[in-house]
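# Results of the structural survey
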Amino acid sequence: CFLIKKIKTNLADKVRKTKASTEIKNNPFEVKINRKKFDILGRKTKHDVGLPGVSRSKAINKRKETLLKEYKQKNKSSKFIDRRFGEYDTKMAPEDKILQRFAMERQRVHDKKDVYNLNEEEELTHYGQSLAEMEKFNDIVNSDDESEEKGLLSAELTASHFGGGGGLLTKKTSGNQQEEEGSQRAKSRQELIEELIQKSKQEKRERQVQKEEAQELTEKLDQDWKNIQALMVKKTPKTEQANKQEEKPKYDMMVRELGFEMKAQPSEKMKTPEELAREEREKLQKLEADRLRRMLGGEAGDSAQTQSHMSADDLNDGFILDKADKKTLAYQDGEEEDSEAEEGDGDDDDDEDEDDEGEEEGEEQEDSSGEEEDGHSDLDSEQESEDEEGKQENKETGAKPKKSLSKEEMKAQQEAAKAELPYTFTAPETFSDLKDLLHGHTPDNQRLIVARTQKCNHPSLGVGNKLKLQKLFGFLLEYIGELATRSPPELTAIDKLIPELYALCQMFPEAACKSLQSVLIDAGHSMEEILEVKGHAGFPALDMLIYLKVTALLFPTSDFRHPVTTPALLYISQALTRCPVRSLQDVTSGLVLCCLAVEYVSFSKRFVPELINFLAGTLHLAVKDKTSLGRSLVPPFRPSGKHSDLLVLSDSESCKGWSKKNLPLSATQLAHNENIHQCHMSLLRLTCLSACLDLVKRCCLLYKDLTSFPHIFQPIKTLLSKHLSAQTLPEPLQEVHNEILEAISSAPVTHSPLVFERKKPIPLKLLTPKIVEVLDYGKKHGSTREEREKERLKHKYKKEFKGALREIRKDSRFLAREKLNEIMSSDAERKRKVKELLGSLATQEGEWKALKRKKKK
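Reading the values: the criteria
Residues numbered from 1 in each chain as written. Predicted model: local features only at pLDDT ≥ 70, side-chain atom pairs only at ≥ 80, totals over all residues. Heavy atoms only, no water. Helix = DSSP H or I, 4+ residues; strand = E, 2+ residues; numbered from the N terminus. Buried < 20%, exposed > 50% of the residue type's maximum accessible area, 1.4 Å probe, protein only. Expected span 1.5 Å × (residues − 1). Arc of directions from axis to C-beta. Axes fitted to C-alpha atoms, helices over the stretch in contact; angles between N-to-C directions. Left-handed = near helix turned anticlockwise from the far one by under 90°. Contact = heavy atoms within 4.5 Å. Nonpolar A, V, L, I, M, F, W, Y, C, P; charged D, E, K, R; others polar. Patch = residues over 30% accessible without salt bridge, like charges linked within 9 Å, V, L, I, M, F, W, Y side chains within 5 Å. Areas by Shrake-Rupley, 256 points an atom, 1.4 Å probe, with all protein chains shown as cover. Salt bridge = Lys/Arg side-chain N within 4 Å of Asp/Glu carboxyl O. Lys, Arg positive; Asp, Glu negative; His and termini not counted. Charge placed at Lys NZ, Arg CZ, Asp CG, Glu CD. Polar contact = N/O pair within 3.5 Å; in protein donor to acceptor, adjacent residues only side chain to side chain. Core = buried A, V, L, I, M, F, W, Y, C linked by side-chain atoms within 4.5 Å.

A cis amide bond, omega -5 degrees, links Ser487 with the succeeding residue Pro488. Its place among the elements puts Pro488 in the loop between helix 16 (465-485) and helix 17 (491-507). Although it is not a glycine, Lys605 sits at a positive phi angle of roughly 55 degrees. The topology assignment puts Lys605 in the loop between helix 21 (584-600) and helix 22 (609-621). Residue classification places Lys605 among the partly exposed positions, given a relative accessible area of 43%.

Pasting the structure below:
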């Protein structure tokens with residue numbers, strides 16, 4: 001009844017609303033008519049007749065239902081969603097929604113009540129049997145062992161399952177069968193347990209008897225086997241028995257040693273760089289203290305040996321056995337010998353032999369070292385000093401008393417200690433301090449000084465050590481440049497110091513980068529200044545060449561762009577292009593720069609045109625007849641003049657005594673000396689020509705994968721094949737000459753070089769434009785159906801886009817109005833509450849004043 005009443009009220013409201021709307025529509029004074037001045041054929045007009053403000057109110061109501069709800073539910077986690085049927089379905093009428101909901105509710109209630117209502121047609125079963133048949137109790141007895149009394153259990157079954165109850169099941173027996181009944185009566189629970197215990201004991205006794213019988217049979221079988229084995233074994237002679245008896249003590253000794261063998265030994269943990277640096281400094285400090293003690297007249301092992309403290313709870317279980325401490329006895333020829341002493345003596349002899357061999361090998365290495373690189377640290381010397389200290393301590397701990405040194409031996413020891421190199425050094429603060437520190441020392445000692453300075457001033461050992469070592473890198477770089485400027489240059493010392501420079505670079509890459517960048521910037525500026533003043537500049541000196549070589553050793557050269565190696569390569573190319581060749585010294589310096597350029601691009605295979613140009617110009621210097629070359633030279637070379645025949649060989653006889661050698665760095669200074677004999681000059685020319693050909697060969701191997709390889713090396717091929725024949729060269733150079741020609745000629749030609757076209761290009765055909773007469777302006781003629789459809793879609797898209805923008809603007813204005821209304825309402829509410837509070841406070845104040853007046857009165 002309630003549902004029907006509700007439906008009627010909803011229908012009445014709907015009818016009332018429809019009547020009001022029809023009244024508004026039928027009112028002629030409310031209708032608005034948009035009049036037109038002219039009627040246009042084919043134009044459809046909208047909103048000619050309508051009610052004012054109806055469409056706007058509909059849009060506002062729609063926004064309130066959709067956009068305003070979303071705005072109010074924004075940033076809210078909890079929402080109440082109406083899940084009633086048809087709540088969000090706008091197509092359904094409210095009456096249909098109510099009726100459908102009522103039907104669904106009745107169906108749900110009916111389903112709940114109908115769960116336990118069973119239909120008569122369904123047959124219920126239990127374990128496959130019908131419950132209707134089971135209720136009739138028609139069970140068929142199939143057991144043959146049951147007695148005549150149906151429904152009763154047997155006495156045995158009752159006794160086994162329930163532990164008794166056999167007295168209830170009595171049978172009719174005669175008086176002669178009482179003894180049989182007594183034996184067959186049901187047993188009590190206690191009797192059954194006793195019977196089980198007796199059975200288990202009996203089984204245990206039987207197993208024990210079987211085991212004893214098997215053991216007796218086994219012993220009997222072993223005895224019989226021994227009797228048979230005596231007949232099968234062959235008797236050994238007495239000499240072999242004696243040898244076996246001699247071997248027994250050795251076997252016993254090995255067994256005892258196995259008892260003391262270490263099963264597993266924990267490995268030492270990996271040490272951090274800080275711990276390693278601390279250990280290195282402590283080791284150097286200890287060696288320096290020992291050296292100072294010997295300088296003052298004391299012995300190396302004067303320091304009193306402190307005994308290790310052992311607590312009362314120490315179980316002495318933290319030992320490590322290097323060898324077996326247990327003494328074993330061996331008997332040989334009836335005498336007792338101590339095997340441990342023999343082993344110790346043998347080990348000492350082996351150690352002495354190894355020391356002698358090590359000394360001999362060390363002497364051979366010193367003799368054969370020469371000018372080879374020595375990149376090792378001073379760990380060997382430190383290890384030798386530690387071995388000497390260990391030997392002295394072993395001697396002190398022995399039974400023999402220490403021998404006091406005489407005065408002569410003491411003086412010799414002091415002199416030797418003074419001659420030794422100190423083990424600890426302070427970091428130099430200036431370049432002059434570093435020069436004073438390294439002055440007067442051999443190259444090996446200079447390397448040791450720098451290495452020990454680095455170890456004693458590791459960054460992890462002090463706050464200011466990092467800055468000191470960064471300065472040390474710059475001082476070392478400057479010192480290497482000074483060594484190169486000396487005459488003769490100390491290249492061996494430079495070679496020894498480069499590993500230490502590399503170690504500092506790995507430790508402080510940023511400082512090393514800045515130092516070398518400053519060197520390259522200064523060199524580039526100086527070259528530019530000389531070029532501006534004189535118009536030409538000389539090739540870089542030996543110190544700058546060494547700096548370029550150090551740059552290639554310290555930093556990667558295969559990077560596409562590097563802050564150090566890229567400027568260095570640009571400096572090399574600039575020097576090869578802008579420095580004129582006027583002497584053999586310039587030729588040697590240019591060849592050294594070419595070697596550095598090849599080294600820089602060996603991994604990246606970057607093409608350097610200045611390199612190929614300089615090699616071709618160097619070969620041009622060795623050609624006698626330059627009139628028939630047929631090609632122009634590129635600076636820094638000149639086709640003719642005073643310095644165009646620097647590598648031309650004067651005599652063919654001077655080539656006979658020449659042997660192929662590498663071009664040393666010192667040749668850049670030797671070639672400048674004018675007092676050199678002419679024979680030496682010709683040998684130097686051959687060496688430069690050999691270096692040039694080797695570089696050309698390396699470039700052929702380096703750039704063989706380039707597509708333009710044959711065209712790049714075509715000038716060199718022409719020079720070698722036509723103007724610089726192999727017959728005028730020595731035999732080692734003839735082989736290189738032939739290999740270069742084979743490498744260039746065997747390269748495949750992938751494409752021809754770029755040249756201008758001989759024929760003019762054919763112009764495109766010009767077509768006469770199509771002229772279409774336009775009859776009706778505003779309409780487009782001559783377009784296809786697809787174009788018209790495309791234009792229609794574009795027009796529709798623009799229209800919809802404008803409409804969407806218009807709606808978005810209206811939505812934003814609507815939201816702005818709602819936000820403003822919320823702010824204004826909240827402000828009004830706040831003002832109202834403030835007024836109420838002020839009013840209540842004013843009333844309270846008035847009441848309080850009135851009470852105060854009353855009290856005064």
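Right, let's get into helix 27 (residues 731-746). Helix length check: helix 27, at 16 residues, gives a terminal C-alpha distance of 23 Å against a target of 22 Å (1.5 Å per residue), a fit within 8%. Looking only at helix 27, the buried set comprises Leu733, Val736, His737, Ile740, Leu741 and Ile744. For helix 27, the buried positions fall inside an angular range of 135 degrees around the axis, keeping them on one side. For helix 27, the exposed residues lying more than 90 degrees away from the buried face are Glu731, Glu735, Glu742 and Ser746.

Let's shift gears to the packing of helix 14 (residues 431-438) against helix 16. Where helix 14 contacts helix 16, the axes come no closer than 10 Å and their chain directions differ by 65 degrees. For the element pair helix 14 and helix 16, the recorded crossing hand is right-handed. Where helix 14 abuts helix 16, its residues Phe431, Leu434, Lys435 and Leu438 lie against Leu472, Phe475, Leu476, Glu478, Tyr479 and Glu482. Each residue belonging to the contact of helix 14 with helix 16 can be placed in one class, and the counts come to seven nonpolar, no polar and three charged.

On the surface, a cluster of negative charge is contributed by Glu212, Glu213, Glu216, Glu219, Asp222 and Asp224. By the secondary structure assignment, Glu213 is in helix 8 (residues 189-232). Its relative accessible area of 46% is what places Glu213 among the partly exposed residues.

Take the side chain of His737 next. Within the element layout of this structure, His737 appears in helix 27. When its relative accessible area of 3% is taken as the criterion, His737 is described as buried. Only 2.9 Å separates the side chain of His737 from the backbone oxygen of Leu724, close enough to count as a polar contact. Once you skip the residues sitting within four places of it in the chain, His737 turns out to touch Leu720, Leu724, Ser725, Ala726 and Leu729.

As a further point, take the nonpolar core. Residues Leu548, Leu619, Tyr703 and Phe713 are the most contacted members of the largest nonpolar core, which totals 111 residues. Counting residues per element, this core draws most heavily on helix 24 (residues 678-702), at 13 residues. The contact partners of Leu619, leaving out residues within four places of it in the chain, are Leu689, Cys692, Leu693, Val696, Ile716, Leu719, Leu720 and Leu724.

The subject of this paragraph is the pattern of salt bridges. Per the counting criterion, the structure on display carries 26 salt bridges. Glu807 serves as the salt-bridge partner of Arg63, at 2.9 Å between the closest nitrogen and oxygen. With Arg63 in helix 2 (residues 54-65) and Glu807 in helix 28 (residues 785-856), this residue pair connects regions lying 744 residues apart in the sequence. The buried category is assigned to Arg63, whose relative accessible area is 11%. For Glu807, a relative accessible area of 38% puts it in the partly exposed group. A salt bridge links Arg84 to Asp82; the nearest nitrogen and oxygen atoms lie 2.8 Å apart.

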